[in-house]
Amino acid sequence: MHDENEGRAARTALAEAERVRGRAVRSGRWFSGYLAALGVGAIAWITLLEAVWPDGAARTYTAAGGALAFLLASLWAERRRVFPAGASRRFMISAIVWFTLYLLVIGPMVRWKMETSLPGWIAAATVMALPFFAAAARTARRS
Amino acid sequence: MTTHPRHRLDTVIHTPARFSIMALLASVERAEFRFVRDTVQISDSALSQHLTTLEKAGYITIRKAQTGRRTTTWLSSTPDGRDAFTRHLATLNQIASQPGTPADPPTP
């Protein structure tokens, strides 16, 4: 009888753990959308910066506008109530890979070979943003 | 002689409220104080007491951050806390699946 009660109590506790975990995971789903939005924003920003307004004051304004948009997005993210497991690591890896590709690998190569070609920069910016989309997909799969 | 699995339950986590808190924090990177309070369904003061106990055991960390004019309290589990919770959960599973502990009859 004693074991039966303990078994029942254990199952109740396990059900509660599952309820709480489910709620926490659902509340962290915003993060995959956030990463995907960052990827889309990065594509738009790089394309505007390199192909639409590649020089002059417009380029400066575009650079500043993009930086401000990313700052506002990170402030918005800080106001969420739950960050899913591995959120910071995934964001950091995506941002570092994206920035490295833009600064050292794909960016200089496209600038050299295609100059300000719009289709060239859209394609390059999409490739560079892939880490954000991959991280978004991984986060979505885990939730 | 084999000991009953109940002896392996973590006494810090075994309290229902602390168990729920750990179940929540073990499945996320960090969660805000009010979210934990609403999910676990306890008062601010009760949650604070349980958090202090868990923090003293080294199972969670509490971090206060300023976002604009608002102070946010972030809670997260430590690797030790996650390990302890995983072990506790495994023990509960063992107790729940032991012979002589039939599943609850289905509710009509």
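Check the entry above for the structure.
Residues numbered from 1 in each chain as written. Chains lettered and ligands numbered in written order. Predicted model: local features only at pLDDT ≥ 70, side-chain atom pairs only at ≥ 80, totals over all residues. Heavy atoms only, no water.

**As for the layout of surface pockets**
Now for step 1: Quantified by volume, the largest pocket comes out at close to 270 Å³.
Now for step 2: Put simply, the parts of the chain that give the lining of the largest pocket at least two residues each are α1 (2–27) of chain A together with α1 (16–25) and α4 (79–96) of chain B.
Now for step 3: Broken down by element, the lining of the largest pocket gets its largest block of residues, six residues, from α1 of chain A. (1 Å grid on protein atoms, 1.4 Å probe; cavity = no way out; pocket = protein on both sides within 12 Å on 5 of 7 lines; lining within 4 Å. Points joined across faces, edges and corners; volume = space filled by probe spheres on them. Helix = DSSP H or I, 4+ residues; strand = E, 2+ residues; numbered from the N terminus.)

**Focus: the sheet that holds strand β3 (residues 70–77) of chain B**
Now for step 1: A sheet is described by the order of its strands in space; here four strands give the open sequence β1(A)-β1(B)-β3(B)-β2(B), paired in antiparallel fashion. The open sheet has two edge strands, β1 (82–84) of chain A together with β2 (60–67) of chain B, and neither has a second partner. In this sheet, adjacent strand axes meet at a mean angle of 20° when their direction is disregarded.
Now for step 2: For β1 of chain A and strand β1 (residues 28–32) of chain B, the ladder comprises three bridges, and the chain directions are antiparallel. Bridging from a neighbouring strand, Phe83 of chain A pairs with Arg30 of chain B of β1 of chain B.
Now for step 3: On top of the sheet, helix α2 (residues 33–40) of chain B reaches β1 of chain A together with β1 and β3 of chain B; it is set at about 90° to β1 of chain B, its chief contact. (Pairing = 2+ DSSP bridges. Axes fitted to C-alpha atoms, helices over the stretch in contact; angles between N-to-C directions. Contact = heavy atoms within 4.5 Å.)

**Regarding a positive patch on the surface**
All names here are of chain A.
Now for step 1: On the surface, a cluster of positive charge is made up of Arg89, Arg138, Arg141 and Arg142.
Now for step 2: Looking at the positive patch, the element that brings in the most residues is helix α6 (residues 130–142), giving three residues.
Now for step 3: Along the chain, the position of Arg141 falls in helix α6.
Now for step 4: Among the residues examined, Arg141 registers a relative accessible area of 66% and is labelled exposed. (Patch = residues over 30% accessible without salt bridge, like charges linked within 9 Å, V, L, I, M, F, W, Y side chains within 5 Å. Areas by Shrake-Rupley, 256 points an atom, 1.4 Å probe, with all protein chains shown as cover. Salt bridge = Lys/Arg side-chain N within 4 Å of Asp/Glu carboxyl O. Lys, Arg positive; Asp, Glu negative; His and termini not counted. Charge placed at Lys NZ, Arg CZ, Asp CG, Glu CD. Buried < 20%, exposed > 50% of the residue type's maximum accessible area, 1.4 Å probe, protein only.)

**A few points about the nonpolar core**
Now for step 1: Core analysis: the biggest nonpolar cluster contains 32 residues, and Ile21, Leu24, Leu25, Ala31 and Val36 of chain B have the highest contact counts within it.
Now for step 2: Of all the secondary structure elements, the ones that give two or more residues to this core are α1 of chain A together with α1, β1, α2, α3 (44–56) and α4 of chain B.
Now for step 3: Not counting the four nearest positions on each side in its chain, Val36 of chain B is found in contact with Ile21, Leu24, Leu25, Ala31, Gln41, Leu47 and Leu75 of chain B. (Core = buried A, V, L, I, M, F, W, Y, C linked by side-chain atoms within 4.5 Å.)

**Focus: the pairing of β1 of chain B**
All names here are of chain B.
Now for step 1: Buried residues dominate β1, accounting for four of its five residues.
Now for step 2: Where β1 lies against β3, two bridges are found, and the strand directions are antiparallel. Bridged to Ala31 within β3 is Leu75.

**A closer look at the interface of chain B and chain A**
Now for step 1: Contact with chain B, which involves 32 residues of that partner, is made by 30 residues of chain A.
Now for step 2: With both sides pooled, the region where chain B packs onto chain A buries about 2,800 Å², and carbon together with sulfur makes up 55% of that total.
Now for step 3: Of all residues in chain B, the largest losses of buried area upon contact with chain A belong to Glu29, Arg30 and Phe35 of chain B, amounting jointly to 21% of the total for that side.
Now for step 4: On the surface where chain B and chain A come into contact, there are three salt bridges.
Now for step 5: For the salt bridge of Arg81 of chain A with Glu32 of chain B, the shortest nitrogen-to-oxygen distance reads 3.9 Å.
Now for step 6: Here chain B and chain A share 12 residue pairs in polar contact (both at pLDDT 80 or more) between them.
Now for step 7: For the side of chain B that touches chain A, the secondary structure elements donating two or more residues are α1, β1, α2, β3 and α4 of chain B.
Now for step 8: Ranked by the residues each element gives to the side of chain B that touches chain A, the list is headed by α4 of chain B, at six residues. (Buried area = accessible area lost by both parts, 1.4 Å probe. Polar contact = N/O pair within 3.5 Å; in protein donor to acceptor, adjacent residues only side chain to side chain.)

By themselves, these observations are geometric and do not establish any function.
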